[in-house]
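Structural overview for review
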Amino acid sequence: MEPIPFSFDQPLFLIGTLPVTAGHLVTTAALLVVLFSAIMVRRARSARATGREEQMSALIAAQTEMQGRIAAMTEVLGARQAELNQSLSQRIDGMTHRIGASISEQTKATHENLRRLQERLAVIDNAQNNIQSLAKDMAGLQSILANKQTRGAFGQSRMEAIVADGLPMGAFAFQATLSNGARPDCTIRMPNGQPPLVIDAKFPLEAWNSMRDAASAERRQQAAQAFRRDMEVHIRDIAGKYLLPGDTQDTAFLFVPSESIFAEIHEHFEAVVQKAHRQRIVIVSPSLLLLSIQVIQAILKDARMREQAHLIQGEVVRLMEDLSRLDERVRKLQGHFAMTQKDVEDILISSDKLTRRGAKIEALELQAEADPRQGEKPGDGSGRPVDGRMGQLKLRVVDED
C-alpha cells in the first residue's frame, strides 16, 4: 500500500475520505498524537515567547525606573557630599584651632612643669646632701652603739638632756648615792619631803641588736628569748637596787633611748611590760620621759606656790591698800574736775552775755534827720543849704533779750 501524503496544514476532514483499515487507524492515531504534541509545543513556545516579552518589558521598565532612582540618588548624594565636605572643613578648621590652642597650653604647662621639676630637683639635691650628712652621722652613731660603754653613755646623755631641760637646777641629781650604796643614773627630788624618783638609763641593746640582725626565723626567736631574759634580769635588778622604802619612791623609770624600740617592746613583748608593771617599773621612751618631767615640774611649781602662799597673801593685802589709796585719790580728782567744770560753765555764761551785747551794738542804726525848728537857709542856687550841718544823728537801741 502506498503511503498517503499528509501535512499538518491539511484539514482534518480529509482524513475521513481515506479507506479505513487497522493500519490506517493506527497511523491516524499516531498522526493525531503527533499533531496534538506539535500544537502543544507551539502553544508552549508561544506562551514562553510571550512571557519572555513581558519579562523583557518589565525588565526595561524596572531598568528605566532604576535609572531614574539612580539619577535622583546621585543628585541627593552629591548634595550630601557637598554638605559633608563643608561640615568636615568646618570641623577640621575648629579642630585645628583647638589643637593649636591645646598645643600652646600644653607647651606652657610643659615649661611650667619643667620649671617646677628643676625646683624639685634642686630640693632633691639639697635633701640628698642632707641624707649624705645624715648617713655620716648614722655611721658615727653606729660606731657609738657598737661599744657597750659608749652606748650606755649615749642613752644616759639623752636622759640627762631631757631632765636638765625640763627641771630647774636643784630639782634633780645625777649619779647620787643611795642609802644602800647604789648609784642610779638620775634621781628627781619630790616636793613636801617625799623621797626622790629614780630613773635608770642602762637599757640592754645587745640582744635587741642580735634579734634585729638575725638572718633566719630561728635565730630571731633565739635572740628574742635572750632579749626577754635580759629585760627581766634588768627589771629585777632595778627593783632590788633602787626601790628602797623610805629612801626612794615605790616606782622607778626604765629609760629606753628610742621610740621604735619602745613601740616594739610594747607590741611583741607584752609579758615583759606586764612584769615590769608588777615590779613597779615603768618603761618610758624619750617622749614619755619628757611628759613625765613636765608633770613633775608642774607639781614642783605648785608646791613652791604653796610654800610661798603667806607671802602671796601679804602682797595681796598690800595691793588692796594701794588700790584703796588709788580709789580715794581718783575720787578727789573727780571732785576737782567737777569744780573745774562748774567754773567753765560760768565762763561760758559770761561769754554768752558778751556775745549778745556785741550783737546789740552791731544792731545800732544811724539816721540823719533835719531840725524842724530851723527854717530854710539861702543856698548857692542848687537847692542845698549853706550850713555844713546836714542833719542830726539819731541813736536807736534795739533790745534783744
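Procedures and definitions
Residues numbered from 1 in each chain as written. Predicted model: local features only at pLDDT ≥ 70, side-chain atom pairs only at ≥ 80, totals over all residues. Heavy atoms only, no water. Helix = DSSP H or I, 4+ residues; strand = E, 2+ residues; numbered from the N terminus. Expected span 1.5 Å × (residues − 1). Buried < 20%, exposed > 50% of the residue type's maximum accessible area, 1.4 Å probe, protein only. Contact = heavy atoms within 4.5 Å. pLDDT = per-residue confidence, 0-100. Phe/Tyr/Trp six-rings, centres within 6.5 Å; stacked < 30°, edge-to-face > 60°. Core = buried A, V, L, I, M, F, W, Y, C linked by side-chain atoms within 4.5 Å. Pairing = 2+ DSSP bridges. Axes fitted to C-alpha atoms, helices over the stretch in contact; angles between N-to-C directions. Arc of directions from axis to C-beta. UniProt positions renumbered as here; feature names shortened; annotations may be inferred. Salt bridge = Lys/Arg side-chain N within 4 Å of Asp/Glu carboxyl O. Parallel < 35°, antiparallel > 145°, perpendicular 65-115°, else oblique. Nonpolar A, V, L, I, M, F, W, Y, C, P; charged D, E, K, R; others polar. Polar contact = N/O pair within 3.5 Å; in protein donor to acceptor, adjacent residues only side chain to side chain.

On to helix H4 (residues 217-242). Here H4 contains 26 residues, and its C-alpha end-to-end distance of 37 Å stays within 8% of the 38 Å for a straight helix at 1.5 Å per residue. Of all the positions in H4, only Ala223, Ala224, Ala226, Phe227, Met231, His234, Ile235, Ile238, Ala239 and Tyr242 are classed as buried. Contacts made by the buried residues of H4 are with strand S3 (197-200), helix H3 (206-212), strand S4 (252-255), helix H5 (259-268), helix H6 (270-278) and strand S5 (281-284).

This part covers the confidence of the model for the protein chain. The pLDDT averaged across the protein chain works out to 76; a share of 80% of its residues lies at or above 70. Contacts from residues 366-401, a stretch scored under 50 in pLDDT, to residues over four places away or in other chains number 25 contacts.

Per the stated rule, a full pass over the model turns up two aromatic pairs. Ring centres of Phe172 and Phe174 lie 5.2 Å apart, and the angle between their planes is 50°; on these two criteria the pair is classed as tilted. Plain terms: the ring middles of Phe227 and Phe269 are 5.0 Å apart, the flat faces sit at 65° to each other, and that makes the pair edge-to-face. Placement of the pair is Phe227 in helix H4 and Phe269 in the loop between H5 and H6, with a sequence separation of 42 residues. With respect to class, Phe227 is no different from Phe269; both count as buried.

With that settled, consider the nonpolar core. Judged by nonpolar contacts, the single largest core of 31 residues is most densely connected at Phe203, Phe227, Met231, Phe269, Ile281 and Ile283. Among the elements of the structure, H3, H4, S4, H5, H6 and S5 are those that each provide at least two residues to this core. Sort the elements by how many residues they give to this core and H4 lands first, with nine residues. Other than its neighbours up to four places away in sequence, Phe227 contacts Phe203, Pro204, Ala207, Trp208, Ile265 and Phe269.

Our focus in this paragraph is the sheet that holds strand S1 (residues 172-174). Spatially, the five strands line up as an open sheet ordered S1-S2-S3-S4-S5, and their pairing is mixed. Edge positions in the sheet fall to S1 and S5, since each has one partner strand and no second. Within the sheet, the average angular offset between the axes of one strand and its neighbour, ignoring direction, is 20°. Pairing analysis gives three bridges linking strand S2 (residues 186-188) to S3, with the strands arranged antiparallel. The residue bridging Thr187 from the neighbouring strand is Val198, located in S3.

Time to look at H5. Those residues of H5 lying buried are Ile261, Phe262, Glu264 and Ile265. All buried residues of H5 project into a common sector of 165° when viewed along the axis, lining one side. Every exposed residue of H5 that faces more than 90 degrees away from the buried side is listed here: Ser260 and Glu267.

The positions that UniProt labels "transmembrane region" (unreviewed entry) are, in the present scheme, residues 12-39 and 281-300. Helix and strand shares over residues 281-300 are 75% and 20% respectively, and the end C-alpha atoms of the span are 22 Å apart.

A full pass over the atoms with the stated rule returns twelve salt bridges. One salt bridge connects Glu315 with Arg318, and the closest N-O pair in it is separated by 2.6 Å. One end of the pair, Glu315, and the other, Arg318, are both in helix H8 (residues 309-362), three residues apart, so they sit about a helical turn from each other. For Arg318, a relative accessible area of 44% gives the class partly exposed.

What follows covers the packing of H4 against H6. Taken N-terminus to C-terminus, the directions of H4 and H6 make an angle of 5°; their axes are 10 Å apart at the nearest point. Classed by the angle they form, the pair H4 and H6 counts as roughly parallel. On the side of H4, the interface is formed by Arg228, Met231, Glu232, Ile235 and Arg236, while H6 contributes Val272, Lys275 and Ala276. Looking at side-chain class alone, the contact of H4 with H6 contains four nonpolar, no polar and four charged residues.

What follows covers the side chain of Thr248. Examined against the element boundaries, Thr248 turns out to sit in the loop between H4 and S4. A polar atom in the side chain of Thr248 sits 2.6 Å from the backbone oxygen of Tyr242. Reaching out from Thr248, the side chain makes a polar contact with the backbone nitrogen of Leu244 at a distance of 2.9 Å. Beyond its immediate stretch of four places on either side in the chain, Thr248 contacts Leu178, Pro195, Pro196, Val198, Tyr242 and Leu243.

Generally, phi is negative for residues other than glycine and the peptide bonds are trans, each holding for most cases. We note that Gln175 has phi near 55°; this positive angle belongs to a residue other than glycine. With respect to the secondary-structure elements, Gln175 resides in the loop between S1 and S2. Its identity is not glycine, yet Arg280 carries a phi of approximately 60°, on the positive side. By secondary structure assignment, the location of Arg280 is in the loop between H6 and S5. Judged by its relative accessible area of 42%, Arg280 falls in the partly exposed class.

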